[in-house]
Amino acid sequence: MFNKLTAMPADPILGLLTKYREDTHSQKVDLGVGVYKDESGHTPILDCVKKAEKFRLDTESTKVYIGPTGSPDFNRLMSELAFGIDNPALLANRVRTVSTPGGTGALRVAADFIKRCNPNAVLWVSDPTWANHTGLFEAAGITVKTYPYYDYDTKTLKFAEMKAALSNVSSDDVVLLHACCHNPSGMDLTTAQWDEIIALTVEQGFTPLIDMAYQGFGDGVDEDAYGVRKMAAVVNNMILCSSCSKNFGLYRERIGACTIIGSDPSRADIAFSVLLYVVRCIYSMPPAHGAAIVETILGSEELKQQWLDELTVMRERINGNRAMLVNKLKQKGVQRNFDFIAQQKGMFSFLGITPDQVAELQEHYSVYMVDSSRISIAGIGTGNVDYLAESIAKVIS
Ligand code: PMP
């Protein structure tokens, strides 16, 4: 039976990582993988996480099944973090959340849930979007189409085109929006643009699905949730997929949340019963450890403050790296304008160079990035920025 299979293409980012690891160049630079790294290139465990884990180790008394919903405390704290405690949807008891295996798990649950709401629903994603979005939704049998988003030439948002495309989306369909720190472009909606998209969502009546994988990595925990909060306050139905991988540094624990908002509490309950059925049909129940860590942190004033402080350090390092690279490129005499990198948000930006230049950077300078020239900003540091800027300058001159 297996002999009928043909091989899938290898994951380009993981292939890049293997090549990087094998490279013996003393100044090699990894701008491929999208994980946070500190100045020394390490992805640390947050101190607040260590403390929460110690607490759980001392107090946890059972490993019995947790149920398809996951931890109720985690679910409540996550929805409060996303929507703000005084959000009208929360106050009206219209919000229902399940814990999921990472943000990816949340998206897959959302996909199967959408399929049950409307088997013919089209999912509209930004062009470009996170590489996994399309495959993930198509795997659930959903047709995926794109709306214009990033202009590679001008390094700006194609906002007029985006609005025009969304003005034609049917009320039976779903539109995926990135809450903040757009992956891969780093190009976010301004608050004024969010207001316009939210008004359009209400007018058209399609369902918004917001993917929030980087809350706190852009401008701050509350600032980054602007669109999520405002959208939740005015629409009848909404889906939110959150991830704790980046902002809590819990990548391998696989913890996230899928939240739905119903038009009233009883309809929310019905939708929730479908959501739980979907969960049971995929993985039955979520892992508990990551949720236990997050709820311990968010449920303690002291640990939450420590988390916010540690998150600020990560955010400021990323934003600092953006400015540092732009300045270094200027110092190296680069004429081309790279200021957009300092203005964009989150873990990624497109450098905006050709695939040949990307290949040259890898071959001659051991600087690694994916073919699209998407760079992972956390891979930059004071130790490598000089070499990196010089290599880029040589390749584009
Ligand atoms: N959505 C986006 C936009 C992402 O960038 C990522 C992670 N790279 C995810 C979802 C999934 O995150 P997780 O690792 O929690 O599955």
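Residues numbered from 1 in each chain as written. Predicted model: local features only at pLDDT ≥ 70, side-chain atom pairs only at ≥ 80, totals over all residues.

Participant: Which parts of the structure should I look at to understand the overall build of the chain?
Facilitator: Secondary structure assignment for the chain yields 15 helices and 13 strands. Expected size for 397 residues packed as a compact globule is a radius of gyration near 21 Å; at 21 Å, the chain falls within 12% of this value. Along the first, second and third principal axes, the C-alpha set of the chain runs to 65 × 55 × 55 Å. Across the 397 residues that make up the chain, the buried fraction comes to 46%. Taking the intrachain contacts of the chain between residues at least 6 apart in sequence as the baseline, contacts between residues at least 24 apart amount to 76%. (Helix = DSSP H or I, 4+ residues; strand = E, 2+ residues; numbered from the N terminus. Rg over C-alpha atoms; globule rule 2.2 N^0.38 Å. Buried ≥ 20, exposed ≤ 12 C-beta atoms within 10 Å, placed from the backbone. Contact = placed C-beta atoms within 7 Å.)

Participant: In this structure, what is going on with the environment of K246? I would like to understand it.
Facilitator: By the secondary structure assignment, K246 is in the loop between β9 (238-243) and β10 (256-261). As for K246 and M212, which are separated by 34 residues in sequence, their C-alpha atoms are 10 Å apart. With near-sequence residues (within four places) excluded, K246 lies in contact with Y36, A213, Y214 and F217.

Participant: Help me understand the site of the ligand in this model?
Facilitator: Around the ligand, the surrounding shell consists of G34, G102, G103, T104, W130, H178, N183, D211, A213, S243, S245 and G256. No other element matches the 3 residues that helix α5 (residues 102-117) contributes to the shell around the ligand. Considering only residue class, the shell around the ligand consists of 2 nonpolar, 9 polar and 1 charged. (Near = placed C-beta within 6 Å. Nonpolar A, V, L, I, M, F, W, Y, C, P; charged D, E, K, R; others polar.)

Participant: So what exactly am I meant to see when it comes to the sheet that holds strand β4 (residues 143-148) here?
Facilitator: Adjacent strands of a sheet pair through backbone hydrogen bonds, lying either parallel or antiparallel. The 7 strands are arranged β2-β10-β9-β8-β7-β3-β4 in an open sheet whose pairing can be described as mixed. Two strands close off the open sheet at either side, each with one partner strand: β2 (95-100) and β4. The sheet shows a mean angle of 25 degrees between the axes of neighbouring strands, direction not considered. For strand β8 (residues 207-212) and β9, the ladder comprises 4 bridges, and the chain directions are parallel. Directly across from I210, in β9, lies its bridge partner L240. On the sheet, helix α9 (residues 226-234) packs against β7 (174-178), β8, β9 and β10 and is oriented at approximately 155 degrees with respect to β8. (Pairing = 2+ DSSP bridges. Axes fitted to C-alpha atoms, helices over the stretch in contact; angles between N-to-C directions.)

Participant: Looking at this model, I keep getting lost on unusual backbone geometry. Mind explaining?
Facilitator: Across residues other than glycine, the phi torsion is negative in most instances, and most of the peptide bonds are trans. A cis amide bond links D127 to the next residue, P128, at an omega of 5 degrees. Tracing the chain through its elements places P128 in the loop between β3 (122-127) and α6 (131-139). For C181, which is not glycine, the phi torsion reads 50 degrees and is therefore positive. Examined against the element boundaries, C181 turns out to sit in the loop between β7 and α8 (191-204). Judged by the 27 C-beta atoms lying within 10 Å of it, C181 is buried.

Participant: Honestly, the packing of helix α2 (residues 47-59) against helix α12 (residues 301-331) in this entry has me stumped. Any pointers?
Facilitator: How two helices sit against one another is set out by the angle between their axes and by the gap between those axes. Between α2 and α12, the shortest axis-to-axis distance is 8 Å and the interhelical angle comes to 150 degrees. The angle between α2 and α12 places the two elements in the roughly antiparallel class. Side by side, α2 and α12 meet where D47, C48, K51 and A52 of the first sit next to L303, Q306, W307 and E310 of the second. The class makeup of the residues in the contact of α2 with α12 is 4 nonpolar, 1 polar and 3 charged. (Parallel < 35°, antiparallel > 145°, perpendicular 65-115°, else oblique.)

Participant: Teacher, can you tell me more about the environment of K28 here?
Facilitator: Summarising the element assignment, K28 is placed in the loop between α1 (12-22) and β1 (29-30). Spatially, the C-alpha atom of K28 lies 43 Å from that of S284, the residues being 256 residues apart in sequence. When residues no more than four places from it in sequence are discounted, the contact partners of K28 are Y20, D23 and S366.

Participant: How do you make sense of the nonpolar core when you look at a structure like this?
Facilitator: Most often, soluble globular proteins have nonpolar side chains that are buried together. Membership of the largest hydrophobic core comes to 111 residues, with the highest contact counts inside it found for V109, A110, V175, M212, V228, C241 and V294. With 8 residues, the top contributor of residues to this core is α12. Two domains share this core, each providing at least three of its residues, namely domain 1 (11-44 + 314-396) and domain 2 (65-299). (Core = buried A, V, L, I, M, F, W, Y, C linked by C-beta atoms within 7 Å. Domains from an automatic or database assignment.)

Participant: When you look at the domain arrangement of the chain in this model, what are you seeing that I'm missing?
Facilitator: The accessible area lost on association of the parts is a frequent measure of interface size. Domain annotation for the chain reports domain 1 (11-44 + 314-396) and domain 2 (65-299). Spacing between the C-alpha centres of domain 1 and domain 2 amounts to 29 Å. Each partner contributes to the interface: domain 1 provides 18 residues, whereas domain 2 provides 18 residues. For the side of domain 1 that touches domain 2, the secondary-structure elements that each account for two or more residues are α12 and β11 (348-350).

Participant: Sorry, what's going on with α5 here?
Facilitator: At 3.6 residues per turn, the α-helix brings residues three or four places apart onto the same side. Spanning 16 residues, α5 covers 23 Å between terminal C-alpha atoms, matching the ideal 22 Å at 1.5 Å per step. The element α5 is extensively covered by neighbouring structure, given that 12 of its 16 residues are classed as buried. For α5, the full list of buried residues reads G102, G103, G105, A106, L107, R108, V109, A110, A111, D112, F113 and I114. (Expected span 1.5 Å × (residues − 1).)

Participant: Explain the confidence of the model for the chain to me, please; I cannot follow it from the model alone.
Facilitator: Close inspection of predicted coordinates is inappropriate for parts of the model with low pLDDT. When pLDDT is averaged along the chain, the result is 97; 100% of the residues meet or exceed 70. Predicted complex, confidence summary: ipTM 0.99, pTM 0.97. (pLDDT = per-residue confidence, 0-100.)

Participant: Just checking my understanding: could you explain α8 for this structure?
Facilitator: When the terminal C-alpha atoms of α8 are compared, their 20 Å separation across 14 residues agrees well with the 20 Å that a helix rising 1.5 Å per residue should span. Downstream of α8 by one or two residues, G205 has phi in the positive range, about 80 degrees.

Participant: So what exactly am I meant to see when it comes to the packing of helix α14 (residues 355-365) against helix α15 (residues 385-396) here?
Facilitator: One way to put it is that α14 packs onto α15 with a least axis distance of 10 Å and a crossing angle of 125 degrees. With respect to α15, the axis of α14 lies oblique. As for how α14 packs across α15, the hand of that crossing is right-handed. Facing Q357, E360, L361 and Y365 of α14, the residues of α15 in contact are S391, V395 and I396. Class assignment of the residues belonging to the contact of α14 with α15 gives a composition of 4 nonpolar, 2 polar and 1 charged. (Left-handed = near helix turned anticlockwise from the far one by under 90°.)

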